[in-house]
Amino acid sequence: MEFNVKKLASDAGVFFSRAMQFTEEKLGQAEKTELDAHFENLLARADCTKNWTEKILRQTEVLLQPNPSARVEEFLYEKLDRKVPSRVTNGELLAQYMTEAANDFGPGTPYGKTLIKVGETQRRLGAAEREFIRSASINFLTPLRNFLEGDWRTISKERRILQNRRLDLDACKARLKKAKAAEAKAALWNDEVEKAEHELRLTQTEFDRQAEVTRLLLEGISSTHVNHLRCLHEFVESQTNYYAQCYQFMLDLQKQLGRFSGTFVGNADSASPAAATSPPVAAATLPAVPTIPVVPTIVGVPNTVAEGALNPNEVKPPASGTRRARVLYDYEAADSTELALLADEMITVYSLPGMDPDWLIGERGNQKGKVPVTYLELLS
């Protein structure tokens, strides 16, 4: 009990001494030990890294999950160390509504068939979005969060200890200065001077040791930047893949809808006078996205696979380079140069010089034609 009382009294004395030193420094009544310029630069860079990491982290979370309520829910699940429940994406929910509407309107009607087609694409977009969010969270958000909750907390803790060591050092310097002044005034040896010098040596050693520990941690910020740079590249790659998938899905959908877009006009109730006299609605036909296929020229290889020039019967597989592939989704051929696909079937695929990288030549028995890469899982 007596030991605890002495310890509490000692801690209270140290706290009071630091508080007095800090107050006098703020009032300009006490000297302050300054850190060297290199150390100050390390501190400034660490603070800058922490501030911008927080901002980038928060805004990336907003990008991946715009709903603030959902973000709060995910945060609570994470803090409780529980698995976040799977949440339906907006695209998947839209796909569900479109499919249900098609069943009510009639899946065989032009509107119903179109709803089903668009719904399938929205489902794929939603699945791609889910995968992008998962990849970005693991490869980008998690490292940023680990830095703030791990390395930065350690740095902050050691900086607080260094601040206390610096206050103790400056308080000892002040006591030694007062003791020497009292000794000179009394013109005799003062035991307080020897005691103050001893305390100063101890506090100086502790301060130097803590300054070295803190400096090493601050220099580690350079490694943090390298790690975050790698994570940033991975984030860009996953975002690129996501938008490339979305673009391909929409091009495929537009191609499918373009084949029966003419049925959108003229299927209205023929008994309606307006239907007999009104001109066709131009907006009913989806506008084609202008695309300029870029076909590289390879010296010595004839460019036989340019857009619109492919004749599947004239294409011969290369001597090597064919692969097996599993079909992920059903695909309806747009014309005679393409090969219709059924989900989960296995086909042989290969590429030809100068061919669009988004397409491959697919073979199923004696059937042959172009197939989109995004509909395939290439097997080794």
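The structure under discussion appears in the preceding block.
About the thresholds
Residues numbered from 1 in each chain as written. Predicted model: local features only at pLDDT ≥ 70, side-chain atom pairs only at ≥ 80, totals over all residues. Heavy atoms only, no water. Helix = DSSP H or I, 4+ residues; strand = E, 2+ residues; numbered from the N terminus. Buried < 20%, exposed > 50% of the residue type's maximum accessible area, 1.4 Å probe, protein only. Axes fitted to C-alpha atoms, helices over the stretch in contact; angles between N-to-C directions. Parallel < 35°, antiparallel > 145°, perpendicular 65-115°, else oblique. Left-handed = near helix turned anticlockwise from the far one by under 90°. Contact = heavy atoms within 4.5 Å. Nonpolar A, V, L, I, M, F, W, Y, C, P; charged D, E, K, R; others polar. Lys, Arg positive; Asp, Glu negative; His and termini not counted. Salt bridge = Lys/Arg side-chain N within 4 Å of Asp/Glu carboxyl O. Expected span 1.5 Å × (residues − 1). Arc of directions from axis to C-beta. Pairing = 2+ DSSP bridges. Phe/Tyr/Trp six-rings, centres within 6.5 Å; stacked < 30°, edge-to-face > 60°. Lys NZ or Arg CZ within 6 Å of the ring centre and 35° of its normal.

Trainee: So what exactly am I meant to see when it comes to the environment of Glu206 here?
Mentor: With respect to the secondary-structure elements, Glu206 resides in helix 6 (residues 191-219). Since its relative accessible area comes to 35%, Glu206 is described here as partly exposed.

Trainee: Would you mind going over the packing of helix 2 (residues 37-64) against helix 6 with me for this structure?
Mentor: In helix packing, the relevant descriptors are the interaxial angle and the interaxial distance, both defined with respect to the helix axes. In the contact formed by helix 2 and helix 6, the axes pass within 9 Å of each other and the chain directions differ by 50°. With respect to each other, helix 2 and helix 6 are oriented oblique. Between helix 2 and helix 6 lies a crossing of left-handed hand. Contacts between helix 2 and helix 6 involve His38, Phe39, Leu42, Leu43, Arg45 and Ala46 from the first element and Ala211, Thr214, Arg215, Leu218 and Glu219 from the second. Taken together, the residues of the contact of helix 2 with helix 6 sort by class into six nonpolar, two polar and three charged.

Trainee: Sorry if this is basic, but what is going on with the side chain of Arg124 here?
Mentor: When you line up the elements, Arg124 lands in helix 5 (residues 110-186). Salt bridges are absent for the buried Arg124, whose nearest opposite-charge side chain, Glu120, sits at 4.7 Å. If sequence neighbours within four positions are ignored, Arg124 has contacts with Phe249, Tyr329, Asp330 and Tyr375.

Trainee: I tried to follow the pattern of salt bridges on my own but got confused; where do I start?
Mentor: Opposite charge on two side chains lets them pair, provided their charged atoms get close. Scanning the model with the defined rule gives 18 salt bridges in all. Linking Glu131 and Arg134 is a salt bridge whose minimum nitrogen-to-oxygen distance equals 2.7 Å. Of this pair, Glu131 and Arg134 both sit in helix 5, separated by three residues, roughly a single helical turn. Assessed through its relative accessible area of 40%, Glu131 is described here as partly exposed. Between Arg166 and Asp170 there is a salt bridge, and its shortest N-O distance comes to 2.8 Å. A residue pair is termed a helical-turn pair when its members lie 3 or 4 positions apart in one helix, as Arg166 and Asp170 do in helix 5 at four residues.

Trainee: Explain helix 4 (residues 90-105) here, please?
Mentor: For the α-helix, the turn length of 3.6 residues means that residues three or four positions removed from each other point alike. Between its terminal C-alpha atoms helix 4 stretches 22 Å, which fits the 22 Å expected from 16 residues at 1.5 Å a residue. Among the residues of helix 4, Gly91, Glu92, Ala95, Met98 and Ala102 are the ones counted as buried. For helix 4, the angular spread of buried residues about the axis comes to 120°, placing them on one side. Within helix 4, the exposed residues directed more than 90 degrees away from the buried face are Asn90, Tyr97 and Asp104. The positive-phi residue at the C-terminal boundary of helix 4 is Gly106, with phi of around 110°.

Trainee: What's the story with the pairing of strand 1 (residues 323-327) in this structure? I'm lost.
Mentor: Relative to strand 2 (residues 346-350), strand 1 runs antiparallel, the two sharing four bridges. Paired with Arg323 across the bridge in strand 2 is Val349. Inspection of the sheet shows strand 1 paired to strand 5 (residues 376-378) by three bridges, in the antiparallel sense. Bridge pairing in strand 5 links Ala325 to Leu378.

Trainee: It is not clear to me how the packing of aromatic side chains should be interpreted in this structure. Could you clarify?
Mentor: Here the distance between the centres and the angle between the planes together describe a pair of aromatic rings. Across all of its chains, the model carries 10 aromatic pairs by this definition. Between Tyr329 and Tyr375, the aromatic rings sit 5.7 Å apart at their centres with planes inclined by 90°, giving edge-to-face as the arrangement. On the criterion of sequence distance, the pair formed by Tyr329 in the loop between strand 1 and strand 2 and Tyr375 in the loop between strand 4 (367-372) and strand 5 is long-range, its members being 46 residues apart. The exposure class of Tyr375 is buried, given its relative accessible area of 1%. Taken together through their ring pairs, the aromatic side chains of Phe132, Phe140, Phe235, Tyr242 and Tyr243 make up a single cluster. Positioned above the aromatic ring of Trp52, the side-chain terminus of Lys55 is 4.5 Å from the ring centre. Positioned above the aromatic ring of Trp359 is the side chain of Lys370, whose terminal nitrogen or guanidinium carbon lies 5.4 Å from the ring centre.

Everything listed is a geometric property; what it means functionally is a separate question.
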